[in-house]
Amino acid sequence: NVTKFLADYYPINGYSYQYMQHPIEINQGDILRLYLVNEGITIPVSMHLHSTIFDVYPSGLISNEPYQAQSVVVAPGDAVIVEAKWRYPGSYMFHSHGLQEEHGNMGHILVKENTTKLSDSVSMFDWQYDLQKKLQTVAAAKK
């Protein structure tokens, strides 16, 4: 019975469905860099970003030669770096293909119209920390 190896949830950054209610926000034309790690032990994960072709750096190493894809398979214990950008503003889905998407592994990327031009990188640490604290508060309130 292969289903006995399936997890109840496939969280992203520790929370199921968090990016459905709290989309990742970027400006159109800016590069979104994702670090995908499959911490599982049995099932490869196929991650798909809607409406874009992206660069994939195998083994999670920026020094590796990238290839272009619209979906990427990450084996158990492996990692990749994904760099993507969108030409048009909008809300775009991302998810794993398969049962994982029905168990918490999907979300939105909100691409906002780019009205400013940035010359430096923007850190996501503060945004991620604030979101983590908010999700922990919501989870604690549900107990």
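Residues numbered from 1 in each chain as written. Predicted model: local features only at pLDDT ≥ 70, side-chain atom pairs only at ≥ 80, totals over all residues. Heavy atoms only, no water.

**Focus on the sheet that holds strand β4 (residues 54–58)**
Pairing in this open sheet of 4 strands is antiparallel, and the strands run β2-β7-β4-β5 from one edge to the other. Of all the strands in the sheet, the pair left with one neighbour each is β2 (32–37) and β5 (67–69). Pairwise comparison of adjacent strand axes, ignoring direction, gives a mean angle of 30° for this sheet. (Pairing = 2+ DSSP bridges. Helix = DSSP H or I, 4+ residues; strand = E, 2+ residues; numbered from the N terminus. Axes fitted to C-alpha atoms, helices over the stretch in contact; angles between N-to-C directions.)

**Quick word on the pattern of salt bridges**
Taken as a whole, this structure holds 2 salt bridges when the rule is applied. In this structure, K112 and E25 form a salt bridge, with 3.4 Å as the shortest nitrogen-oxygen distance. With a gap of 87 residues between them, K112 in strand β9 (residues 106–112) and E25 in strand β1 (residues 24–27) connect regions that are remote in the sequence. The class for E25 is partly exposed, based on a relative accessible area of 38%. (Salt bridge = Lys/Arg side-chain N within 4 Å of Asp/Glu carboxyl O. Buried < 20%, exposed > 50% of the residue type's maximum accessible area, 1.4 Å probe, protein only.)

**Describing the pairing of strand β3 (residues 45–49)**
Within a regular strand, the side chains alternate between the two sheet faces. The buried fraction of β3 is high, at 5 of 5 residues. The alternating pattern of β3 places V45, M47 and L49 and S46 and H48 on opposite faces, both of which are buried. The sheet contact formed by β3 and strand β6 (residues 71–74) spans 4 bridges and is antiparallel. Considered in β6, the bridge of S46 is made with V73. Two strands pair when backbone bridges link them, and β3 and strand β8 (residues 90–96) are joined in this way by 3 bridges, in the antiparallel orientation. Directly across from M47, in β8, lies its bridge partner S96.

**Looking at the side chain of T52**
One can find T52 in the loop between β3 and β4. Side-chain polar atoms of T52 contact the backbone oxygen of K85, separated by 2.8 Å. Not counting chain neighbours up to four residues away, the residues in contact with T52 comprise A69, Q70, A84, K85 and W86. (Polar contact = N/O pair within 3.5 Å; in protein donor to acceptor, adjacent residues only side chain to side chain. Contact = heavy atoms within 4.5 Å.)

**With respect to the nonpolar core**
Counting 24 residues, the largest nonpolar core has L49, W86 and I109 as the members making the most contacts within it. Ignoring sequence-local partners within four residues, the contact set of I109 consists of I24, I26, L32, L49, W86, G90, S91, Y92 and F94. (Core = buried A, V, L, I, M, F, W, Y, C linked by side-chain atoms within 4.5 Å.)

**A few points about the pairing of β9**
Within β9, 5 of the 7 residues are buried, leaving the element largely enclosed by the surrounding structure. Relative to β9, β1 runs parallel, the two sharing 4 bridges. Following the sheet pairing, I26 is matched in β9 by V111. In terms of strand pairing, β8 meets β9 through 6 bridges, oriented antiparallel. The residue bridging Y92 from the neighbouring strand is I109, located in β9.

**Here we look at the packing of aromatic side chains**
Within the structure shown, the criterion is met by 2 aromatic pairs. Taking the centre distance of 6.1 Å and the plane angle of 50° together, the rings of Y19 and F94 count as tilted. Pair noted here: Y19 is in helix α1 (residues 18–21) and F94 is in strand β8, with a separation of 75 residues, a long-range link. For the pair shown, Y19 and F94 are each scored as buried. (Phe/Tyr/Trp six-rings, centres within 6.5 Å; stacked < 30°, edge-to-face > 60°.)

No statement about biological role is implied by the geometric values presented.
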